[in-house]
Amino acid sequence: MNILKNVYFLFHVSEIRRFDFLYIDDKNRRLVLTLHFGQKSNGTKTKEIGRFVGKIFANPSLLVTNSLIRPLIRVLTYKCHDEFVHVSTFGNYAISIKMDYLEIIFHQITSIGELMSLTDKLTVLSFDETYISSKICFDKQNEQVLGSYKCVQTVVARGLVSNWKQPIYYSFDTAMTKDLLLNIIKELYSIGYETISIVNDMGPKNMCLWRDLNIAIENTSFEHPCSKQLIHIFADVPHLVKLTRNHFLDKGLILSNGTFVGKNIFQELINLDSKHDYRLAHKISERHILVNGPRRMNVRLAVQLLSNSVSKAIAYYGENKYIDKYNWKNVAEMISLFNKWFDLFNTNSKFDHGVESYGLNLNSQNGILDEMSSFIENMRVYNMKSGGKQKNMLPFQKGILIYNSSLKKLFLD
């Protein structure tokens, strides 16, 4: 293994057979490139005859992803196909990328788009803020101080019906605004990609964006600035499930029939399971109901708590008189509904683990959406101060209703 700054390494790009990246997110924040060179064939086996591993990038201000760096390698390979190049060329080329719109990425997806149909280029935009290290660093090459930054806003474009995904924008300490969003949509449209939906979580800044776009339960879309078609808004489903779990455990819920349901039912279920060798609710434990700190961000814990196996376990213990309180029947029915609703959106293929993607069984699937919408509209979070229910729906309830409405409208479009 060689370190780049200590070695002078020349190669011909035609010799590269494979390249791998490893982004090490430590105090050095370095990107490691492994180049695999020509292979000798020996019957059915091949033998690698050369490999180089080197640090090619150490600028902590650049958001480095495989989907960002791999196109750079392809572009360099194309531009330098008749030349011998130094490994540092890759690093220098990566460092030259500026923030905001990733021009080289737009150039790449423009070329790829020429081979795609209009349907394949139907685009879904998702964006989110990610908290990062607030350390200040010095960029020696450009002689500038970088940081400190609190978070990075990243926008990813992906295909609705075609399997492609690509980061197209990032900027530090930048909130997503109406003007910024519309500009990104226009840029994509100018190279042939039409945005038809937006996905984001329900953070306070994104809720400001929704208000600027006049998004509400009655209005779940806005007009495309170029094509004038409707762009449908979707809340992030895993985020909605986590919020539902949090309110369930922290405060409790008051259902449409006036009954209260809370975390006590889960504690009772865990206690009953601990008395038997065979556990009905084998997925859950104390850590699923004592969620604090990073655990509140764990989607798996929330989904497992609101899963079909937990619903059936509560129903079994209730029907056999092991549980006779905590409104167990209402809890079992509620969890079963959330499980079916989540499974409907958690499909990556036409038939995913026995679940049909939306549109293959509309009557049944719309029935689930309607049942969930009715449940959410009539359910309220318990108000611990007044000792009663909240007067109005909370944001996560509105997000579920907007998602259900947008899905139906997008399918019709």
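Because the structure is a prediction, the values reported are computed rather than measured. Going along each chain's sequence as written, the residues are numbered from 1 onward. Only residues with pLDDT of at least 70 are given local features in this predicted model, and only at 80 or more are side-chain atom pairs given and counted; all residues enter the totals for whole chains, interfaces and linings. Calculated side-chain values reflect all of the structure's heavy atoms, with hydrogen atoms and water omitted.

Right, let's talk about the pairing of strand 21 (residues 380–383) for a bit. Pairing geometry for strand 17 (residues 253–254) and strand 21, over two bridges, is antiparallel. Bridge assignment links Leu 253 to a residue of strand 21, and that residue is Val 381. Pairs of strands are assigned from DSSP output, requiring at least two bridges between the strands. Helix numbers and strand numbers start at the N terminus; a helix is a DSSP run of H or I with at least 4 residues, a strand a run of E with at least 2. Across two bridges, strand 21 lies against strand 22 (residues 388–389) in antiparallel orientation. Paired with Tyr 382 across the strands is Lys 389, a residue of strand 22. With antiparallel pairing between neighbouring strands as the criterion, strand 21 and strand 22 make up a hairpin whose turn holds four residues, including Gly 387 at a positive phi of roughly 75 degrees.

Every case where a carboxyl oxygen of Asp or Glu lies within 4 Å of a side-chain nitrogen of Lys or Arg is listed as a salt bridge. In the structure shown here, the tally under the stated rule is four salt bridges. Between Asp 250 and Arg 296 there is a salt bridge whose closest N-O contact spans 2.7 Å. Of the two residues, Asp 250 is situated in helix 6 (residues 237–250) and Arg 296 in the loop between helix 8 (286–289) and helix 9 (299–305); the sequence distance between them amounts to 46 residues. Burial here depends on accessible area, computed with a 1.4 Å probe over protein chains only, as a share of the maximum for the residue type. Under 20% is buried, over 50% is exposed, and the range in between is partly exposed. Using a relative accessible area of 26% as the deciding quantity, one classes Arg 296 as partly exposed. Its salt-bridge partner being Lys 408, residue Asp 370 comes within 2.3 Å of it at the nearest N-O pair. Linking Asp 370 in helix 12 (residues 362–378) with Lys 408 in helix 13 (residues 395–412), this pair joins segments that are 38 residues apart in sequence. Residue Asp 370 is classed as partly exposed on the basis of its relative accessible area, which comes to 39%. On the accessibility criterion, Lys 408 (26% relative accessible area) is partly exposed.

One can find Arg 245 in helix 6. The side chain of Arg 245 is buried and forms no salt bridge, while Asp 250, the nearest opposite charge, is found at 7.1 Å. We define a polar contact as two N or O atoms separated by no more than 3.5 Å, with the added condition that, inside protein, one atom must be a possible hydrogen donor and the other a possible acceptor, whereas residues neighbouring each other in sequence contribute only through side-chain atom pairs. Within the structure, Arg 245 has its side chain in polar contact with the backbone oxygen of Arg 296 (distance 3.1 Å). Any two residues whose heavy atoms approach within 4.5 Å are treated as being in contact. Excluding its chain neighbours within four sequence positions, the residues that come into contact with Arg 245 are Val 291, Arg 295, Arg 296, Asn 298, Leu 301, Ala 302 and Leu 305. In summary, the charge assignment counts Lys and Arg as positive and Asp and Glu as negative, without counting His or the chain termini.

We define a nonpolar core as any set of buried Ala, Val, Leu, Ile, Met, Phe, Trp, Tyr and Cys residues linked to one another through side-chain atoms lying within 4.5 Å. Among the nonpolar cores identified, the biggest contains 87 residues, and Leu 125, Ile 168, Leu 181, Phe 222, Phe 266, Ile 314 and Trp 341 are the most heavily contacted of them. Among the elements that take part in this core, helix 11 (residues 328–345) stands out by supplying eleven residues, more than any other. Domain assignment of the residues forming this core places at least three in each of domain 2 (102–223) and domain 3 (238–412). Among all residues touching Phe 222, those that are not within four sequence positions of it are Leu 181, Leu 182, Ile 185, Ile 198, Leu 213, Ile 215, Gln 229, Leu 230, Ile 231 and Ile 233. For each domain, the first and last residues come from an automatic or database assignment.

Reading across the sheet, the four strands line up as 18-17-21-22 and stay open at both edges, with antiparallel pairing between neighbours. For this open sheet the edge positions go to strand 18 (260–261) and strand 22, each flanked by a neighbour on one side alone. In this structure, strand 17 lies alongside strand 18, joined through two bridges in antiparallel fashion. Counted as the bridge partner of Leu 253 is Val 261 from strand 18.

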